Amino acid sequence: MLSKELEAAINKQINAEFWSAYLYLSMSTHFAHEGLPGFANWFKVQFQEEQDHAMKFMNYLISKGNKVELKPIEKVDTSWESLLQAFEVTLNHERVVTSLINNLVSIARKENDYATENMLQWFVSEQVEEEETAQGMIDSLKLIGGNGFGIYTMDKELAQRTYTPISSSSES
Ligand code: FEO
């Protein structure tokens, strides 16, 4: 069983993961409305992955005999002035999530909770990927600038992104 401090911190993280899911779902609907189905698809996959992150934490608490507490999800923005701005928001948000994960690792280390620290390593690696991906999108959008054909091509490419549940690809 995890300590009460770690249980509370992971419950907070579950809420942060659901908030992330809600943010990306909102971005997905916004870009669908803007006539960019590929970008909408990309954010929808992101939304699904964030739900998986929350589930992974929930399953971990349950497996340890701890209590999951689902808290209210704060409101998210519903529109963004540009694709570039949305991805800058995404990158900044992922940096915040990285710091939250790092904080969980610190608590687990302080408590010599090696099992939890081990579980968290998956998230440490995932965050490197999340930040890298968001940065890559920003770089591409800056290269394209306002070029309509470039945006159209990128939208077509992002329509190909498919969702792979983490349970089949990353859990040990
Ligand atoms: Fe669950 Fe995008 O961090």
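For the structure, see preceding data.
Quick summary incoming for the structure in this document. (Residues numbered from 1 in each chain as written. Predicted model: local features only at pLDDT ≥ 70, side-chain atom pairs only at ≥ 80, totals over all residues. Heavy atoms only, no water.)

## Some details on the nonpolar core
Part 1: Judged by nonpolar contacts, the single largest core of 24 residues is most densely connected at Met-27, Phe-31, Phe-39 and Phe-87.
Part 2: The set of elements that each furnish at least two residues to this core consists of helix H1 (4–33), helix H2 (37–63), helix H3 (83–110), helix H4 (114–144) and helix H5 (148–158).
Part 3: Core analysis: the second largest hydrophobic core is formed by 22 residues, Ile-10, Ile-14, Ala-54 and Val-97 among them. (Core = buried A, V, L, I, M, F, W, Y, C linked by side-chain atoms within 4.5 Å. Buried < 20%, exposed > 50% of the residue type's maximum accessible area, 1.4 Å probe, protein only. Helix = DSSP H or I, 4+ residues; strand = E, 2+ residues; numbered from the N terminus.)

## What about the packing of H1 against H2?
Part 1: Interaxial distance between H1 and H2 falls to 8 Å at its minimum, and their mutual angle equals 165°. One way to sum up the angle between H1 and H2 is to call them roughly antiparallel. The handedness of the crossing between H1 and H2 is left-handed.
Part 2: Of the residues assigned to the contact of H1 with H2, the class counts are 18 nonpolar, 7 polar and 4 charged. (Axes fitted to C-alpha atoms, helices over the stretch in contact; angles between N-to-C directions. Parallel < 35°, antiparallel > 145°, perpendicular 65-115°, else oblique. Left-handed = near helix turned anticlockwise from the far one by under 90°. Nonpolar A, V, L, I, M, F, W, Y, C, P; charged D, E, K, R; others polar.)

## Some words on the side chain of Glu-94
Part 1: Inspection of the secondary structure puts Glu-94 in helix H3.
Part 2: Arg-161 provides the closest opposite charge to the buried, salt-bridge-free Glu-94, at an N-O distance of 9.2 Å.
Part 3: At a separation of 3.0 Å, a polar atom in the side chain of Glu-94 contacts the side chain of Gln-127.
Part 4: Every residue in contact with Glu-94, bar those within four places of it in the chain, is listed here: Tyr-24, Gln-46, Glu-50, Gln-127, Glu-130 and Glu-131. (Lys, Arg positive; Asp, Glu negative; His and termini not counted. Salt bridge = Lys/Arg side-chain N within 4 Å of Asp/Glu carboxyl O. Polar contact = N/O pair within 3.5 Å; in protein donor to acceptor, adjacent residues only side chain to side chain. Contact = heavy atoms within 4.5 Å.)

## What about the environment of Trp-42?
Part 1: Tracing the backbone through its elements, the reader meets Trp-42 in helix H2.
Part 2: Along the chain, Trp-42 and Met-27 lie 15 residues apart, while their C-alpha atoms are 9.6 Å from each other.
Part 3: Setting aside chain neighbours within four positions, we find Trp-42 in contact with Phe-87, Thr-133, Met-137, Leu-158 and Arg-161.

## Considerations on H4
Part 1: With 31 residues, H4 should reach 45 Å at 1.5 Å per residue; the first-to-last C-alpha distance of 46 Å fits that figure.
Part 2: Taking the largest bend as the criterion, H4 deviates by roughly 25°, centred on Leu-120.
Part 3: The positive-phi residue at the C-terminal boundary of H4 is Gly-145, with phi of around 65°. (Expected span 1.5 Å × (residues − 1). Bend = angle between axes of the 7 residues up to and from the residue.)

## Points about the side chain of Asp-155
Part 1: As for its position among the elements, Asp-155 is in helix H5.
Part 2: Buried within the structure, Asp-155 lacks any salt-bridge partner; its nearest side chain of opposite charge belongs to Lys-156, at an N-O separation of 5.6 Å.
Part 3: Within the local environment of Asp-155, its side chain forms a polar contact with the backbone nitrogen of Gly-38, the two atoms lying 2.8 Å apart.
Part 4: Dropping the residues within four chain positions of it, Asp-155 is found in contact with Leu-36, Pro-37, Gly-38 and Phe-39.

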